[in-house]
Amino acid sequence: MPARKPKVIVTRRLPDQVETRMRELFDTELNVTDEPFTRKQLVEAVGRCDVLASTITDKIDASLIEKAGERLKLIANFGAGVDHIDVAAANARGIMVTNTPGVLTEDTADLTMTLLMATLRRVIEGANAVQAGEFTGWAPTWMLGRRITGKRLGIIGMGRIGTAVARRARAFGLQIHYHNRKPVSSRVAEELEATYWDSLDQMLARMDIISVHSPHTPATYHLLSARRLKLMPPHAVLINTARGEIIDEQALADLLAEGKLAGAGLDVFEHEPRINPKLLKQPNAVLLPHMGSATVEARVDMGEKVIINIKTWMDGHRPPDRVLPQML
């Protein structure tokens, strides 16, 4: 571990106060253009830095890690998800990986509820109709959405964000159901009056709304496959603020186009930033540009966690947000 200030390369533009503090504490090289690093730039960066401050736009696979120089000892990710990093390969090379959990929970839960309400109440369709001059006055049967209160919400993944969504949903009168690797504590289940389903298939077939909050891992890739999506009732809507790869996007677009699903609210996409062209054409799809944690407060808090992880490592201690292969 270097006694000097560690060389930190930041792959994307971060909030000004975060970048300023990083420059004060470390030998920091910033990305002033905010253009995502090319593969060549990533290879060059891992070959000469002590710490790579990465983001979701950086594909840090085993091949890249093999090209890392002896100096690289920490990948301090700006974000909670680490599915773009081969954590096992990094660990094998003696390179720590950290993330920024917890600080984006409330903001992502807020956006999930925003998508849920916008999808059920056709908010984007209505706003577009007004902008297009199609609103000619109130009519009893025009732009009818669905009532939120009383609906059954099925949450896939009852971690921090899933639980935060459940608490908000209870306030809107939704009935809480969930599928998780294991049931939540009896205290949380009682507080939320939540029903646990060990069978995802059975839950999907009975819900009015499905909201995805699982991490993207090999086990959750296309967890909502074409077969599983077809289990959802035709009146149901699907919300995803987790990772796009969890859903078979082509199958979802087909079901929406065929009227076999009532709607979808998506903040993430399978081949991001590219979005399935068929999905873009569906008026019952509310599509947002991966903005679940896009608040000033969340992004500053994420940056501060990156700094704490780097500083703790620099001082010879275990970073508080270290990610190990067995945790994934």
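Residues numbered from 1 in each chain as written. Predicted model: local features only at pLDDT ≥ 70, side-chain atom pairs only at ≥ 80, totals over all residues. Heavy atoms only, no water.

As annotated in an unreviewed UniProt entry, the protein chain carries the name D-glycerate dehydrogenase and comes from Phenylobacterium kunshanense. UniProt annotates the protein chain under Sequence similarities (unreviewed entry) with the comment "Belongs to the D-isomer specific 2-hydroxyacid dehydrogenase family." (UniProt positions renumbered as here; feature names shortened; annotations may be inferred.)

> So what about the pairing of strand β7 (residues 175–179)? Which residues, and what values?
Judged by how many residues are buried, β7 sits mostly within the fold: 4 of 5 residues are covered. In this structure, strand β6 (residues 152–156) lies alongside β7, joined through 5 bridges in parallel fashion. For G154, the partnering residue across the bridge sits in β7 and is H177. Remark: the β6/helix α7 (residues 160–171)/β7 crossover connection has right-handed handedness. Bridge analysis of β7 against strand β8 (residues 195–196) gives 2 bridges, and the strand direction is parallel. From the neighbouring strand, H177 faces β8, where its bridge partner is T195. Crossover handedness for the path β7 to helix α8 (residues 186–192) to β8: right-handed. (Buried < 20%, exposed > 50% of the residue type's maximum accessible area, 1.4 Å probe, protein only. Helix = DSSP H or I, 4+ residues; strand = E, 2+ residues; numbered from the N terminus. Pairing = 2+ DSSP bridges. Right-handed = clockwise from strand over helix to strand, strands pointing away.)

> Just give me the short version of the sheet that holds strand β2 (residues 27–29), but keep the residues and values in it.
Taken together, 5 strands build an open sheet; the order of strands is β2-β1-β3-β4-β5 and the sheet is parallel. Edge positions in the sheet fall to β2 and β5 (96–98), since each has one partner strand and no second. For this sheet the average axis-to-axis angle between neighbouring strands, irrespective of direction, equals 15°. Those strands touched by helix α13 (residues 296–314) are β1 (7–10), β3 (51–53), β4 (74–76) and β5, and its axis lies near 160° from that of β4. (Axes fitted to C-alpha atoms, helices over the stretch in contact; angles between N-to-C directions. Contact = heavy atoms within 4.5 Å.)

> I'd like a rundown of the packing of aromatic side chains, residues and numbers included.
The full count for this structure, using the stated rule, is 2 aromatic pairs. Here the aromatic rings of F135 and W142 are separated by 6.1 Å at their centres, their planes lie at 25°, and the arrangement is stacked. Judged by its relative accessible area of 45%, F135 falls in the partly exposed class. When the centroid spacing of 5.2 Å and the interplanar angle of 45° are considered together, the rings of Y178 and Y196 count as tilted. One end of the pair, Y178, is in strand β7; the other, Y196, is in strand β8, and 18 residues separate them in sequence. Using a relative accessible area of 1% as the deciding quantity, one classes Y178 as buried. Given a relative accessible area of 28%, Y196 falls into the partly exposed group. (Phe/Tyr/Trp six-rings, centres within 6.5 Å; stacked < 30°, edge-to-face > 60°.)

> Report on empty space enclosed by the protein, specifying residues and quantitative values.
In the structure shown here, the tally under the stated rule is 1 cavity of 30 Å³ or more. Estimates place the volume of the largest cavity at around 40 Å³. Lining the largest cavity are N240, G244, I247, E249, L252, L266, V268, F269 and E270. Tallied by class, residues from the lining of the largest cavity come to 5 nonpolar, 2 polar and 2 charged. (1 Å grid on protein atoms, 1.4 Å probe; cavity = no way out; pocket = protein on both sides within 12 Å on 5 of 7 lines; lining within 4 Å. Points joined across faces, edges and corners; volume = space filled by probe spheres on them. Nonpolar A, V, L, I, M, F, W, Y, C, P; charged D, E, K, R; others polar.)

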